[in-house]
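Read off the chains here:
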Amino acid sequence: MQNPKQVQDNLKMVLAKATNVQPDDISGQETLDMLGIDSAGTISLAAHIEEQFGVMVDAQDVVGNVTVTQIAQLILQKSQTT
């Protein structure tokens with residue numbers, strides 16, 4: 001099982017692949033909107049999260065004012081219940 005920092009670091013790598021932002025430039029406080037990820041990108045991100053972390057995240061869970069850190073916490077929470 002990954003710890004919170006590992007989950008966030010791996011999520012930053014996933015986000016970096018989906019954007020033109022380097023993982024080290026993602027602090028964790030950004031929302032997907034701030035990173036330039038639109039609704040179609042959110043659906044794709046949900047699929048990448050499932051592939052990378054083995055948990056299903058609904059695209060609606062990661063839209064709006066949800067930060068990268070909050071998404072990482074959601075992944076960690078879901079991975080502990082599966």
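Preceding block: the structure.
Student: So what's going on with the pattern of salt bridges? Which residues, and what values?
Tutor: Close approach of charged atoms allows side chains of opposite charge to pair. Scanning the entire structure with this criterion turns up one salt bridge. The partner of K5 in a salt bridge is D9, with the nearest N and O atoms 2.8 Å apart. Here K5 pairs with D9, and both are found in helix α1 (residues 4-18), just four residues apart, close to one helical turn. Given the relative accessible area of 57%, K5 is considered exposed. Classification of D9 by relative accessible area gives partly exposed; the value is 31%.

Student: Summarise helix α2 (residues 39-53); cite the residues concerned and give the values.
Tutor: The end-to-end C-alpha distance of α2, which contains 15 residues, comes to 21 Å, matching closely the 21 Å that a straight helix rising 1.5 Å per residue would cover. T42, L45, A46, I49 and F53 are the residues of α2 that are buried. For α2, the arc enclosing every buried residue in end-on projection is 105°, short of the 170-degree limit, so these residues lie on one face. Away from its buried face by more than 90 degrees, α2 exposes A40, I43 and E51.

Student: Before we move on, could you go through the packing of α1 against helix α3 (residues 68-81) and cite the residues and values that matter?
Tutor: The geometry of α1 relative to α3 is characterised by a closest axis approach of 9 Å and an angle of 120° between their N-to-C directions. Viewed along their axes, α1 and α3 adopt a mutual orientation that is oblique. In the crossing of α1 with α3, the sense of the turn from one axis to the other is right-handed. Each of P4, V7, Q8, L11 and L15 in α1 lies in contact with α3, whose residues at this interface are V68, T69, I71, A72, I75 and L76. Tallied by class, the residues present in the contact of α1 with α3 amount to nine nonpolar, two polar and no charged.

Student: Quick rundown of the environment of I71? Include the residues and the values.
Tutor: As for its position among the elements, I71 is in helix α3. Overall, the relative accessible area of 1% leaves I71 in the buried class. In this structure, the C-alpha to C-alpha distance between I71 and L35, residues 36 residues apart in sequence, is 14 Å. Excluding residues that lie within four positions of it along the chain, I71 makes contacts with L11, L32, I49, V62 and V66.

Student: Give a detailed account of the packing of α1 against α2, specifying residues and quantitative values.
Tutor: The interhelical angle for the contact between α1 and α2, taken along N-to-C directions, is 135°, at an axis separation of 11 Å. When the interaxial angle is binned, α1 and α2 end up oblique. Taken as a pair, α1 and α2 cross one another with a handedness that is right-handed. Between α1, through V7, N10, L11, V14 and L15, and α2, the contact on the second element is made entirely by L45, H48, I49, Q52 and F53. Partitioning the contact of α1 with α2 into residue classes produces seven nonpolar, three polar and no charged.

Reading the values: rules and limits
Residues numbered from 1 in each chain as written. Predicted model: local features only at pLDDT ≥ 70, side-chain atom pairs only at ≥ 80, totals over all residues. Heavy atoms only, no water. Salt bridge = Lys/Arg side-chain N within 4 Å of Asp/Glu carboxyl O. Helix = DSSP H or I, 4+ residues; strand = E, 2+ residues; numbered from the N terminus. Buried < 20%, exposed > 50% of the residue type's maximum accessible area, 1.4 Å probe, protein only. Expected span 1.5 Å × (residues − 1). Arc of directions from axis to C-beta. Axes fitted to C-alpha atoms, helices over the stretch in contact; angles between N-to-C directions. Parallel < 35°, antiparallel > 145°, perpendicular 65-115°, else oblique. Left-handed = near helix turned anticlockwise from the far one by under 90°. Contact = heavy atoms within 4.5 Å. Nonpolar A, V, L, I, M, F, W, Y, C, P; charged D, E, K, R; others polar.

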